[in-house]
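Residue strings, one per chain:
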Amino acid sequence: MPTDSSLEHVKKTRQREEVARVSTGIRELDEAIEGGVPRGSWVAITGEPGTGKSILCMHFAWAGLRGSDPVVYVTTEAEFRDVVRQARQLGMDFENYSIHDISSSREPQETPQIVVVDIFGLLKVARQLSEEQGEEGGRRYAVLEIQTLVAAIREAYKILGVLREGGKGVTKHVRLVIDSLSAFWADKPAMARKYSYDLKVSTHRENVTSYLVSQYAMTTKSTFGFGLEHIADGVFHLWMDDVEKSREIRRYMIIKKLRMTNHYRKAFKLEIEPGYGVKLVPLE
Ligand SMILES: Nc1ncnc2c1ncn2[C@@H]1O[C@H](COP(=O)(O)OP(=O)(O)OP(=O)(O)O)[C@@H](O)[C@H]1O
Ligand SMILES: [Mg+2]
């Protein structure tokens, strides 16, 4: 084990590349994790409100679009046009790429580069699933239900033209963002581990690299339900100093874990800059 955990040391001791890496879209973060997250991994983004989780997701999606990876962007927190607006303020213009919203009744003209699933898209899929069950004896699918989410993601893969025949796996590397996954178990936190597992089984594929947002409850300082952090291959944790004491916003991020990676082990100061987005400054 190296005793020196400085960022310079992590960069110098970068292991010979055996693992394909996917850029996070944030230079300092890539440098701290041997070039990027291992391809095919599930990365949980955890933290309290306003710490920068959604913005981290935007960088990850943006890096995908720039590198010609198709993107599936699930947002339960905001309408996608607000995500687009927020990203544009931070120097990422998603509208430079072709976007298809699954709630739209129009067929895409061309294969899109990004497929969006927001609450309206989930509602559409939940209705379709319920209708397929028929009038009698069938069950109703809820909007914020793991099965609905899994079906919506599959639909997105289809629209992107990457779903392998037979439905098992995808033919091209895809980036998947789910902001947030906590929304799917907000009313039953005890189910978080089972649900995360179900989702992992149905979406975890060698060719899909995912960011999953998990919100921290302010009161208990623990995530809504346990489980995701254990099942995830990586955890990027974000927090801020107690604003009542510091009287200003000071944000931080730490790489809590990342499998197959000799990662930087100290916290970064996290700044959000207009026109630029997230900037990470090592705390040393
Ligand atoms: N254009 C901008 N310039 C600078 N800072 C900004 C800009 N837009 C947003 N921010 C900062 O980013 C914060 C929001 O970050 P973000 O939406 O990523 O948080 P979050 O962790 O996803 O929160 P939540 O749990 O509420 O979804 C805002 O509260 C603001 O402080
Ligand atoms: Mg958010």
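See above for the structure.
Just so it is clear, the structure is predicted and the values come from calculations on it, not from any experiment.

**Brief notes about the site of ligand 1**
So, point 1. Taken together, 14 residues sit near ligand 1, with G50, K53, S54, Q86 and R251 positioned nearest.
So, point 2. Residue T51 places a main-chain N or O atom 3.2 Å away from an oxygen atom belonging to ligand 1.
So, point 3. The separation between an oxygen atom of ligand 1 and a polar main-chain atom of I55 is 3.0 Å.
So, point 4. Burial of ligand 1 by the surrounding chains reaches 68%, relative to a free accessible area of 660 Å².
So, point 5. Considering every element that reaches the shell around ligand 1, the biggest residue donor is helix α3 (residues 53-66), with three residues.
So, point 6. Residue classes in the shell around ligand 1 are distributed as five nonpolar, six polar and three charged.

**Focus on unusual backbone geometry**
So, point 1. With omega at 10 degrees, the peptide bond leading from D179 into S180 counts as cis.
So, point 2. With respect to the helices and strands, S180 occurs in the loop between β7 (174-179) and α7 (192-203).
So, point 3. In this structure, M260 takes a positive phi of about 60 degrees despite not being glycine.
So, point 4. With respect to the helices, strands and loops of the structure, M260 is situated in the loop between β10 (251-258) and β11 (268-273).
So, point 5. On the accessibility criterion, M260 (57% relative accessible area) is exposed.

**With respect to the packing of helix α6 (residues 146-160) against α7**
So, point 1. It is at 10 Å that the axes of α6 and α7 come closest, and there the two elements cross at 20 degrees. Overall, the two elements α6 and α7 adopt an arrangement that is roughly parallel. With respect to the hand of their crossing, α6 and α7 are arranged in right-handed fashion. For the pair formed by α6 and α7, the contact residues are I146, L149, V150, I153 and Y157 on the first element and Y195, D198, L199, S202 and T203 on the second.
So, point 2. Broken down by class, the residue content of the contact of α6 with α7 amounts to seven nonpolar, two polar and one charged.

**Quick look at the packing of helix α5 (residues 119-132) against α6**
So, point 1. Two numbers describe how α5 lies on α6: the axes approach to 9 Å, and their chain directions differ by 105 degrees. Judged by the angle between their axes, α5 and α6 are roughly perpendicular. Across the interface between the two elements, L122, V125, A126 and L129 from α5 touch Q147, T148, L149, A151 and A152 from α6.
So, point 2. Grouping the constituent residues of the contact of α5 with α6 by class yields seven nonpolar, two polar and no charged.

**Details of the side chain of S41**
So, point 1. Position of S41 among the secondary structure elements: in the loop between β2 (37-38) and β3 (42-47).
So, point 2. The class for S41 is buried, based on a relative accessible area of 4%.
So, point 3. A distance of 2.5 Å separates the side chain of S41 from the backbone oxygen of P38, its partner in a polar contact.

**Quick notes on the nonpolar core**
So, point 1. Of all hydrophobic cores here, the largest spans 42 residues; its most connected members are Y73, F94, F236, M253 and I255.
So, point 2. No other element matches the eight residues that α3 contributes to this core.
So, point 3. Counting 40 residues, the second largest nonpolar core, distinct from the first, contains V72, V170, Y195 and V235.

**Details of the environment of G47**
So, point 1. Note on placement: G47 falls in strand β3.
So, point 2. The class for G47 is buried, based on a relative accessible area of 0%.
So, point 3. Along the chain, G47 and G275 lie 228 residues apart, while their C-alpha atoms are 23 Å from each other.
So, point 4. Apart from the residues within four sequence positions on either side, G47 is in contact with K53, S214, Q215, Y216, H237 and L238.

Procedures and definitions
- Residues numbered from 1 in each chain as written.
- Chains lettered and ligands numbered in written order.
- Predicted model: local features only at pLDDT ≥ 70, side-chain atom pairs only at ≥ 80, totals over all residues.
- Heavy atoms only, no water.
- Near = heavy atom within 4 Å.
- Polar contact = N/O pair within 3.5 Å; in protein donor to acceptor, adjacent residues only side chain to side chain.
- Areas by Shrake-Rupley, 256 points an atom, 1.4 Å probe, with all protein chains shown as cover.
- Helix = DSSP H or I, 4+ residues; strand = E, 2+ residues; numbered from the N terminus.
- Nonpolar A, V, L, I, M, F, W, Y, C, P; charged D, E, K, R; others polar.
- Buried < 20%, exposed > 50% of the residue type's maximum accessible area, 1.4 Å probe, protein only.
- Axes fitted to C-alpha atoms, helices over the stretch in contact; angles between N-to-C directions.
- Parallel < 35°, antiparallel > 145°, perpendicular 65-115°, else oblique.
- Left-handed = near helix turned anticlockwise from the far one by under 90°.
- Contact = heavy atoms within 4.5 Å.
- Core = buried A, V, L, I, M, F, W, Y, C linked by side-chain atoms within 4.5 Å.

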